[in-house]
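# Structural overview
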Amino acid sequence: YDSRKGLSRETVREIEKHFGPRVFTTKIRTNVRLAEAPSHGKSIFDYAPDSYGTEDYLALAREVAGLPIDPIPLIMPGDIPQLAEPIAPEAPAGT
């Protein structure tokens, strides 16, 4: 979806007129990374996790699931949380 283009806005109006409240509010913005991901054999989440495409599809998934669209950041698939190094107990003096 590109809100700058009249055809996009007109198409959305027609879809909303025909389907009414069954249309989700989330729009998937036009994004080059979305077009590139399949040619690399990857999902947008793996190919460009910081892209608008990833952000939009996560928002749509949350909307479909009935969750808030603007959530607290989640750990993405493939992310490895960095855990703090445990603090070793200090050795007693004189050892």
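Anything mentioned here points back to the structure above.
This write-up is about the structure you can find in this document. Fair warning: this is a prediction, and the values are worked out from it, not measured in the lab.

### Let's talk about the pattern of salt bridges
Inspection of the entire model under this criterion finds 5 salt bridges. In this structure, Lys-17 and Glu-14 form a salt bridge, with 3.4 Å as the shortest nitrogen-oxygen distance. Pair noted here: Lys-17 and Glu-14 are both in helix 1 (residues 6–19), with a separation of 3 residues, about one helical turn. Note on Lys-17: relative accessible area 62%, which makes it exposed. Residue classification places Glu-14 among the partly exposed positions, given a relative accessible area of 42%. The residue Glu-36 makes a salt bridge to Arg-33 at a minimum N-O spacing of 3.6 Å. Taken together, the residues Glu-36 and Arg-33, both in helix 2 (residues 32–39) and 3 residues apart, mark about one turn of the helix. Because the salt bridges share partners, they merge into one network encompassing Arg-29, Glu-55 and Asp-56.

Calculation rules
Residues numbered from 1 in each chain as written. Predicted model: local features only at pLDDT ≥ 70, side-chain atom pairs only at ≥ 80, totals over all residues. Heavy atoms only, no water. Salt bridge = Lys/Arg side-chain N within 4 Å of Asp/Glu carboxyl O. Helix = DSSP H or I, 4+ residues; strand = E, 2+ residues; numbered from the N terminus. Buried < 20%, exposed > 50% of the residue type's maximum accessible area, 1.4 Å probe, protein only.

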